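# A closer look at the structure
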Amino acid sequence: IPNLIIIAYVWSSYLLGQPTLLLLALLLGAFLCLRARRFWFAGFLVALATVIKAFPFAAIAYFIYRRYWIAALSMILWIAILLVALPAGMRGWPQAQRDLASWTNGMLLKNDARGIAQRPERSLAWKNQSLAGVMMRLLRHVDVDATRPPAKPVYVNFVDLPFKVVNYIFVDGFLFLLGLIYLAAMPARVQRTRESDAIEWSLLLLLM
C-alpha cells in the first residue's frame, strides 16, 4: 500500500525534472540483479538510469572494479541502443547525432564559472545539494538563490576562491579522496557477505 501511494509522487517529481526516486529504484533494482547474478539486466537498469540523468554512469567503474564484466558490457550496449539506435530509428541518423551532441554538451561537458550542465543558475543555488554545488557556494562569491532573484543577492561563502581552484582542488581532489576511502573500505571478494554488499552499494549510491 505505501508503494502504491507514493507512485503519484514519483511521477510528479519526474515531471518536475528531478527523477531522484525513479533513479534510486532503478539502481536498487540493479543491485538486486547483481545479487541474483542477472548481470545483463543489472547493466540495462543502470543504462536506463544513465540516459535519464547521466551521473549513474559512474557505476561502470564499480562494475569493472568488482569484475562484473557482463554487467559493464550490458550497460555500454544498452546506452548505445537507448542514446543512438532507438533515436536514429525514430528521428533519423542526422537528427539523432545532433540530439546526442546536444545532450553530451549540456549534461557532461558543461562546467564553468557560471554553473554546471544545462541550468547553470540552478546548479549554484541552494536547491542543488550536491558536493560540487555546496562547495561552490561556500568557497566562491555566488548568489545562492539565482533561480528566484531576491531584492538583494544572497551569499554564504566564507572565502572567495577562483573557480578553477575550487573545481580542481576541492571538488575533484575531495571526490578522488572519497573514492580512495571507498576502495579501502571494500572487503575482498572472499570476505563479502550480504550485509557488506548492502553497505557497499549504499556507499556507492552516496558517492554517485
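The structure under discussion appears in the preceding block.
The text that follows walks through the structure, step by step, so that each part is easy to find. (Residues numbered from 1 in each chain as written. Predicted model: local features only at pLDDT ≥ 70, side-chain atom pairs only at ≥ 80, totals over all residues. Heavy atoms only, no water.)

### Some remarks on the overall build of the chain
Counting secondary structure elements, the chain contains 10 helices and 2 strands. Each helix and strand of the chain, placed in order from N terminus to C terminus, yields the pattern α-α-α-α-α-α-β-β-α-α-α-α. In terms of overall dimensions, the chain has a C-alpha envelope of 55 × 50 × 40 Å along the principal axes. Taking contacts inside the chain between residues at least 6 apart in sequence as the whole, the part at least 24 apart equals 47%. Accessible surface computed for the chain: about 13,100 Å², of which carbon and sulfur atoms make up 69%. Between the averaged position of the 21 positive side-chain charges in the chain and that of its 10 negative side-chain charges there is a distance of 6 Å. (Helix = DSSP H or I, 4+ residues; strand = E, 2+ residues; numbered from the N terminus. Contact = heavy atoms within 4.5 Å. Areas by Shrake-Rupley, 256 points an atom, 1.4 Å probe, with all protein chains shown as cover. Lys, Arg positive; Asp, Glu negative; His and termini not counted. Charge placed at Lys NZ, Arg CZ, Asp CG, Glu CD.)

### A short note on the environment of Ala25
Following the sequence through the fold, Ala25 ends up in helix H2 (residues 20-35). For the pair Ala25 and Val84, spaced 59 residues apart in the sequence, the C-alpha separation amounts to 24 Å.

### Some remarks on helix H3 (residues 39-53)
Since the α-helix packs 3.6 residues into each turn, any two residues three or four apart lie on the same face. Between the first and last C-alpha of H3 there are 21 Å, a value that for 15 residues agrees with the 21 Å anticipated at 1.5 Å per step. The complete set of buried residues in H3 reads Phe39, Ala42, Gly43, Phe44, Leu45, Val46, Ala47, Ala49, Thr50 and Val51. On its buried side, H3 packs onto H2, helix H4 (59-65), helix H5 (69-91) and helix H6 (93-107). Immediately beyond the C-terminal end of H3, within one or two residues, lies Ala54, with a positive phi of roughly 70 degrees. (Expected span 1.5 Å × (residues − 1). Buried < 20%, exposed > 50% of the residue type's maximum accessible area, 1.4 Å probe, protein only.)

### Things to note about the pattern of salt bridges
Across all of its chains, the model carries 3 salt bridges by this definition. The partner of Glu200 in a salt bridge is Arg66, and the shortest N-O contact between them spans 2.7 Å. Pair noted here: Glu200 is in helix H10 (residues 194-207) and Arg66 is in the loop between H4 and H5, with a separation of 134 residues, a long-range link. The two residues Glu200 and Arg66 agree in class, both being buried. Linking Asp99 and Arg91 is a salt bridge whose minimum nitrogen-to-oxygen distance equals 2.6 Å. Taking relative accessible area as the criterion, Asp99 reaches 27% and is therefore assigned partly exposed. (Salt bridge = Lys/Arg side-chain N within 4 Å of Asp/Glu carboxyl O.)

Without other data, these values stay purely geometric and don't point to any function.
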